[in-house]
Amino acid sequence: MIEKTYLKTKPECKVKFALPADKIGEAKSVAVVGDFNNWDSEANPMKKQKSGVFASTISLEIDTSYQFRYVLDGTEWLNDDMADAYVPSPISPDTNGVIRL
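Reading guide: rules and limits
Residues numbered from 1 in each chain as written. Predicted model: local features only at pLDDT ≥ 70, side-chain atom pairs only at ≥ 80, totals over all residues. Heavy atoms only, no water. 1 Å grid on protein atoms, 1.4 Å probe; cavity = no way out; pocket = protein on both sides within 12 Å on 5 of 7 lines; lining within 4 Å. Points joined across faces, edges and corners; volume = space filled by probe spheres on them. Nonpolar A, V, L, I, M, F, W, Y, C, P; charged D, E, K, R; others polar. Phe/Tyr/Trp six-rings, centres within 6.5 Å; stacked < 30°, edge-to-face > 60°. Helix = DSSP H or I, 4+ residues; strand = E, 2+ residues; numbered from the N terminus. Buried < 20%, exposed > 50% of the residue type's maximum accessible area, 1.4 Å probe, protein only. Pairing = 2+ DSSP bridges. Salt bridge = Lys/Arg side-chain N within 4 Å of Asp/Glu carboxyl O.

S.K.: Before we move on, can you summarise the layout of surface pockets with the specific residues and values?
M.R.: Where empty space is left can be seen by rolling a probe of water-molecule size over the atoms. Of the volumes computed, that of the largest pocket is approximately 150 Å³. Forming the boundary of the largest pocket are Asp35, Trp39, Gln67, Arg69, Trp77, Ser89, Pro90, Ile91, Ser92 and Asn96. Considered class by class, the residues forming the lining of the largest pocket number 4 nonpolar, 4 polar and 2 charged.

Structure, rendered in structure tokens:
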């Protein structure tokens, strides 16, 4: 799930990335990675909510597209069903989600 909240005072958008418990399975850690954090799985860890959903909110510049994915337990990669588009990954046969702001 992706929620976009555009700021009126800055050229930014607060983007909430969230994964429901049924997508996570038994994973203990979840991170959102992408162009915005150099694909660093330690830069934006997602926190587990009381509902079991893992979520993280990141402020990103508008008028830009970002590729992103989720990493579970540092090994399993997932796309978001709510991504604006998908593009081939330059390093694997997988696709990356795209968010347009």
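Additional details are given in the paragraphs that follow.
S.K.: Could you give an account of the packing of aromatic side chains, naming the residues involved and the relevant values?
M.R.: Taken as a whole, this structure holds 5 aromatic pairs when the rule is applied. Ring geometry for Phe17 versus Phe68: centroids 5.2 Å apart, planes at 55°, classification tilted. You can see Phe17 sitting in strand E2 (residues 12-19) and its partner Phe68 sitting in strand E6 (residues 65-72), a full 51 residues away along the chain. Measuring from centroid to centroid gives 5.9 Å for Phe68 and Tyr70, while their planes differ by 80°, and the two rings are edge-to-face. Here Phe68 and Tyr70 have matching classes, each one buried.

S.K.: Please give an account of the sheet that holds strand E1 (residues 2-6) that cites residues and values.
M.R.: The 4 strands lie next to each other as E1-E2-E5-E4, forming an open sheet whose pairing is antiparallel. The sheet terminates laterally at E1 and strand E4 (47-48), the two strands that pair on one side only. When E4 meets strand E5 (residues 54-61), the two strands line up antiparallel, connected through 2 bridges. Within E5, the residue paired with Lys48 across the bridge is Phe54.

S.K.: Tell me about the pattern of salt bridges, residues and numbers included.
M.R.: Within this structure, the stated rule accounts for 3 salt bridges. Note that Lys4 and Asp84 form a salt bridge whose closest N and O atoms lie 2.9 Å from each other. One end of the pair, Lys4, is in strand E1; the other, Asp84, is in the loop between strand E7 (76-78) and strand E8 (85-88), and 80 residues separate them in sequence. The partner of Lys23 in a salt bridge is Asp81, with the nearest N and O atoms 2.9 Å apart. Of this pair, Lys23 sits in helix H1 (residues 21-24) while Asp81 sits in the loop between E7 and E8; the two residues are 58 residues apart in sequence, bridging distant segments of the chain. What makes Lys23 partly exposed here is its relative accessible area of 39%. For Asp81, a relative accessible area of 57% corresponds to the exposed category.

S.K.: Lay out the pairing of strand E9 (residues 95-100) in plain terms, naming residues and giving numbers.
M.R.: Sheet topology note: the E6/E9 ladder contains 4 bridges and is antiparallel. Residue pairing across strands places Ser65 opposite Arg100, the latter belonging to E9. Bridge analysis of E8 against E9 gives 4 bridges, and the strand direction is antiparallel. Its bridge partner lying in E9, Tyr86 is registered against Gly97. Hairpin connection of E8 to E9: 6 residues between the antiparallel strands.

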